[in-house]
Amino acid sequence: SAVISQKPSRDICQRGTSLTIQCQVDSQVTMMFWYRQQPGQSLTLIATANQGSEATYESGFVIDKFPISRPNLTFSTLTVSNMSPEDSSIYLCSCGQGTHEQYFGPGTRLTVT
Amino acid sequence: AQSVTQLDSHVSVSEGTPVLLRCNYSSSYSPSLFWYVQHPNKGLQLLLKYTSAATLVKGINGFEAEFKKSETSFHLTKPSAHMSDAAEYFCVVSALPSGNTGKLIFGQGTTLQVKP
């Protein structure tokens, strides 16, 4: 299984600002994903981070709000732009390597004031 | 389209008694199914997975789940609950056919409370 780290682990931000979350995997992986977990809710997929090309976004999520980079097979970033209190959530990175299951990072707990 | 429904939002058991967390799924093809656990302020940990092999799947920490196609169910069980099992449990189905890594669809979660 892959080991994933995320930075920062938590942050408190003011509305209107942006935060970039980093996700690092300890080995090369085929696929990386970004999920959001709103307070008391389940996980929802934001997008699939594609290495060397634009991310694939799920319905309800757009690139201008959640730009994603994936410069190589072990690293990805998610930016939450122009934040509002509704963006307060846990953001989780995951990875998969063709065997179907995904492994998750510890998450980034974001609070927007 | 694939979906999962966790039938209980909250389950409470006494330590040492059996655990049953119920999950029904809907899939237009043979699904891959998973159970993940999330302890407070922690990330998600894979408990077990079903990917069209044996229908009775054994996972970590004494958990197991049985895939029942006729009932479209994938219930999670454990013979004897431990205090450390208290957590949020998610039943998950893959949006793609078995063998492909892609979108995961999460159930709403079941909070397991274990009383001393």
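A brief structural summary. Since we're looking at a predicted model, the values are computed, not measured.

Quick look at the pattern of salt bridges now. All names here are of chain B. All told, the structure shown has six salt bridges over all chains when counted by the stated rule. Note that Asp-8 is salt-bridged to Arg-22, the shortest N-O span being 3.0 Å. One end of the pair, Asp-8, is in the loop between strand S1 (3-6) and strand S2 (10-14); the other, Arg-22, is in the loop between strand S3 (19-21) and strand S4 (23-26), and 14 residues separate them in sequence. The exposure class of Asp-8 is buried, given its relative accessible area of 19%. On the basis of relative accessible area, Arg-22 is assigned to the partly exposed category, the value being 32%.

Right, let's talk about the sheet that holds strand S7 (residues 68-72) of chain A for a bit. The strands making up a sheet associate through backbone hydrogen bonding, with each pair oriented either parallel or antiparallel. All names here are of chain A. Spatially, S1-S3-S8-S7 is the arrangement adopted by the four strands of the open sheet, whose pairing is antiparallel. Either end of the sheet is taken by a strand with one partner, and the two such strands are strand S1 (4-7) and S7. The sheet shows a mean angle of 15° between the axes of neighbouring strands, direction not considered. Here strand S3 (residues 19-25) pairs with strand S8 (residues 75-80) via six bridges, running antiparallel. For Gln-24, the partnering residue across the bridge sits in S8 and is Phe-75.

Reading the values: rules and limits
- Every chain is numbered independently, its residues counted from 1 as its sequence is written.
- Whichever chain is written first is A, and whichever ligand is written first is 1; the rest continue in order.
- Only residues with pLDDT of 70 or above have their local features reported here, since the model is predicted, and side-chain atom pairs are shown and tallied only from 80 upward, although totals for entire chains, interfaces and linings are computed over all residues.
- Side-chain descriptors were evaluated using all non-hydrogen atoms of the structure, hydrogens and water having been removed beforehand.
- Whenever Lys or Arg places a side-chain nitrogen within 4 Å of a carboxyl oxygen from Asp or Glu, that contact is recorded as a salt bridge.
- Working definition: helices are DSSP H or I runs of at least four residues, strands are E runs of at least two. Numbering for both runs from the N terminus.
- We call a residue buried when its accessible area falls under 20% of the maximum for its residue type, exposed when it is over 50%, and partly exposed in between, using a 1.4 Å probe and counting protein chains only.
- Pairing between two strands is assigned when DSSP locates at least 2 bridges connecting them.
- Throughout, an axis means a line fitted to C-alpha atoms (over the contacting stretch in the case of helices), and angles, computed between N-to-C directions, take values from 0 to 180 degrees.

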